[in-house]
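# Breakdown of the fold
Now for the letters of each chain:
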Amino acid sequence: MTNTASRLLILDDDPLIGETIQAMVQKGGYETRYTDDPAEFFSLLESWQPEFIAIDLIMPQMDGVEVITGLAARQASTKIIISSGADYRVLDAAKRSASEHGLTIIGILSKPYTRQTLLDMLDDNRMPAVSSPNHAKPEALPEPSREDIEQALVNDEFSIVMQPKIHCRDYTLAGFEALSRWNHPQYGFVRPDIFIALAEKYGLIDTLTEQVVSKALLWLKAMPESIDEPAGLEGLSTRLRSIGVSINISARSLQNIGLFDRIASSCLQHGIDPGRIILELTETSAMEDPLTSLDILTRLRVKGFKLSIDDFGTGYSSMKQLVRLPFSEIKIDRSFVMSAKTSQESRSITHAIIELGASLNLTTIAEGIEDAETLEFLREEGCDQAQGFHIAKPLPLAAVNDWILTHAWQCEARRLAELKDLDILDTPQEERFERHARLARRLFDVPFAVISLVAKNRQWFKSGQDLPMRETSRNVSFCTHTIAEDGFMQVPDTFESTQFRDYPMVTDAPFIRFYAGVPLRGPKGQIVGVFCLLDSKPRQLSDSQIERLEAIAELVARELAEGQRGFIDSLTGVLNSSGYDSTARQAVQLARRLNLPTLSLTISLDNLTRINEDFGFDQGNNALAATAKILQEVLRRSDVIGRYSSASFRALLIDNSENQVEEVIRRLRERIQQFNGRSDIYTLQCDIRPLNSGSAANSDRTAEVRHIDGRQAAVVNAS
Ligand code: C2E
Ligand code: CA
Ligand code: CA
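This section reports on the structure supplied with the text. (Residues numbered from 1 in each chain as written. Chains lettered and ligands numbered in written order. Predicted model: local features only at pLDDT ≥ 70, side-chain atom pairs only at ≥ 80, totals over all residues. Heavy atoms only, no water.)

## So, the packing of aromatic side chains
Throughout the structure, instances matching the rule amount to 13 aromatic pairs. Here the aromatic rings of Trp182 and Phe195 are separated by 5.9 Å at their centres, their planes lie at 90°, and the arrangement is edge-to-face. Highlighted residues: Trp182 in strand S7 (residues 173-184) and Phe195 in helix H7 (residues 192-201), separated in sequence by 13 residues. Since its relative accessible area comes to 0%, Trp182 is described here as buried. The class of Phe195 is buried, set by a relative accessible area of 0%. Ring centres of Phe478 and Tyr515 lie 4.8 Å apart, and the angle between their planes is 10°; this geometry places the pair in the stacked category. One end of the pair, Phe478, is in helix H19 (residues 478-485); the other, Tyr515, is in strand S20 (residues 514-521), and 37 residues separate them in sequence. Residue Phe478 shares its accessibility class with Tyr515, and that shared class is buried. Put simply, the rings of Phe478, Phe500, Tyr503 and Tyr515 pair up and form one aromatic cluster. When the ring centre of Phe42 is taken as origin, the NZ or CZ atom of Arg74, which lies over that ring, is 3.8 Å away. Sitting above the plane of the Tyr171 ring, Arg414 keeps its charged end 4.1 Å from the centroid. (Phe/Tyr/Trp six-rings, centres within 6.5 Å; stacked < 30°, edge-to-face > 60°. Helix = DSSP H or I, 4+ residues; strand = E, 2+ residues; numbered from the N terminus. Buried < 20%, exposed > 50% of the residue type's maximum accessible area, 1.4 Å probe, protein only. Lys NZ or Arg CZ within 6 Å of the ring centre and 35° of its normal.)

## Regarding the sheet that holds strand S17 (residues 458-461)
The strand order across the open sheet formed by six strands is S18-S17-S16-S21-S20-S19, and the pairing between neighbours is antiparallel. Each edge of the sheet is formed by a strand with only one pairing partner; in this case those strands are strand S18 (471-473) and strand S19 (489-491). Neighbour to neighbour, the strand axes of the sheet diverge by 25° on average, direction disregarded. Against the sheet, helix H17 (residues 397-422) makes contact with strand S16 (448-454) and strand S21 (527-535), and its axis sits at roughly 80° relative to S21, the strand it touches most. (Pairing = 2+ DSSP bridges. Axes fitted to C-alpha atoms, helices over the stretch in contact; angles between N-to-C directions. Contact = heavy atoms within 4.5 Å.)

## Notes on the coordination of the calcium ion (ligand 2)
Here the calcium ion (ligand 2) is held by the protein donor atoms Glu177 (OE), Asn248 (OD1), Glu280 (OE) and Asp310 (OD), which lie 2.1 to 2.3 Å from it. Here the donor residues of the calcium ion (ligand 2) share one chain and are spaced in sequence as E-x70-N-x31-E-x29-D. Between the calcium ion (ligand 2) and the calcium ion (ligand 3), the interatomic distance is 4.0 Å, and Asp310 donates to each metal, bridging them. Of this pair, Asn248 sits in strand S9 (residues 244-248) while Glu280 sits in strand S10 (residues 277-282), and the two are 32 residues apart along the sequence. For Asn248, a relative accessible area of 29% translates into the label partly exposed. (Donors = N, O, S within 2.8 Å, 3.2 Å for Na, K, Ca; no water.)

## What about the coordination of the calcium ion (ligand 3)?
Around the calcium ion (ligand 3), the donor atoms from the protein are Asp310 (OD), Asp311 (OD) and Glu367 (OE), and they sit 1.8 to 2.3 Å away. Each donor residue of the calcium ion (ligand 3) lies on the same chain, and together they follow the pattern D-D-x55-E. Accessibility expressed as a relative area gives 22% for Asp311, which makes it partly exposed.

Written as structure tokens, this is what we have:
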């Protein structure tokens, strides 16, 4: 904290608010002035030179937007806080208009707010007392010249830092983005946007990019070996050997195919799969010349690189052209992510981009995540990956290993907590799991199909009765590596594998030669175990077999979730609302992966209150149970059914064409009518309506109401 007070100028038509703000911040070490007169405000702005200003948007003499225009005309560099009781859309629009005018908005205070919110906003944005080189105002320094940059390239003054990216669903490490840093002997730290622009201007950007790539590849190659895998984190080095690194590619470099040839041969030289390199291009750079881009980007994909559209949402490209380009990832611009918490509009845009990415089968990643709330929002929206200060700031290479280990321990703790929640270790054999194991043994013609739950020090087999052991220690478990791989893993012949050939399961009974496993996720998203096939003969699964194995594993995972206490509605035996939410979310994700359509139905028992009143609660309960039973009879076993509120159910239909959905609804009506024909106490009056397709897990209870509008399929009244 500085000892020289920062200045805050307040413009508000309500003196009481003005005084309150003054009182709030004075103790925090701020000098304040208050006025309700715009003319005085502008004059103080000149004479008093405040670091911060707080303005109300809605004032009788002048509206806040006009003040903003006035500030823009004066090219004010003050940090602005917008305060108002106005609707969020108005606040959003004002904020946008201000940033488009080049003004710095550090926050929006919607009334009422607390002293702490205001102080945090000020403190976080305050100028440091002693200006360190990296905080020095850029205009105070001479602009680095071409010679400066050339020298820096020769003297190896550019370094890289690595910012971690994680998977939203289980928070595990997904990879890193390499970012350049320049610590100039005289200028100190120069901001990347400044030196990158200069390197582009002087035609030196390709050399810089090559230095970044070569540093990143060297690091990527050496990093897994430089970390000793501790007991309890078995499989960590497996994961580290497959994570990717994102490299920023300047628009200027796109035409230079020679650069990419050199990057490709560096990969080859270091034994790094180009599929682990994600080239980040901004939307605008890719769209400058879409035709040439198509050509070049396709060649990059052919070389094996992944391609990400950086800063997505900030350009003005045509969707149609954009979706034709062979990208593998969309990176949502941080401006939307950073404001998601405060702006409904940013949340809508983020939601739309994630949907777009999912429907195009692209990885979606959000950057600029600065708090847990935003990360949770993205997770719920189904975003694949996340990056931001809340997860980690860009790290100097020397600090990365420590971060990786600390983070891996945190993830493992979360994983073990979810396994513990499932309360399934050391429980007896259960038919609901044996069923799936039998199916797999038959489908794949293997002697063993096993559910392995990977605990702290051991793996324990939930099914797999025929195996000579019930558990093994974790350090000789194949499944630990499947967990680390975060996806399907197979070992076609264990005798050929230096990693696995000495495992006791291989050297002793049952003499395993073949292993194939798919991770099992618990309802909260953590991988708790693996569904695996074992054989005493070497073999190899085809792609379609892998898909089948994954589908069975999905059912096993669902079984794990359903078995969890508190996930089942005891009255009807179907899932309860939280059980439904988490299972439906998983199912939607699976369906997206397999490219299958999903649709959710909401089924409400409209006359439940009447039944309760006329015939008593027991009959009301019977009516609910009868409705659930009809749903279970008509829907497929793979569909997800839940009681969503006291009188309504949700069902997620997977892989049904429109006609099939109509048929399902027709059959539900038919069954309800049959029931009503036979019932001599009460009848069931059910409303059956499709919800928005594909996002059952995201729709909350209010969405249920919102989505039932004229655009949805006609209401089917099955009473
Ligand atoms: P970018 O590619 O969008 O990189 C992400 C920037 O967001 C980084 O800024 C990173 O530090 C910052 N960031 C990450 N998480 C957060 C967060 O939670 N909050 C906030 N406020 N910021 C976050 P950085 O390192 O200053 O880089 C700025 C830009 O400079 C990059 O934006 C990229 O366009 C460019 N750049 C950096 N390194 C290179 C490079 O090696 N080559 C090229 N061509 N451009 C580079
Ligand atoms: Ca980037
Ligand atoms: Ca970016």
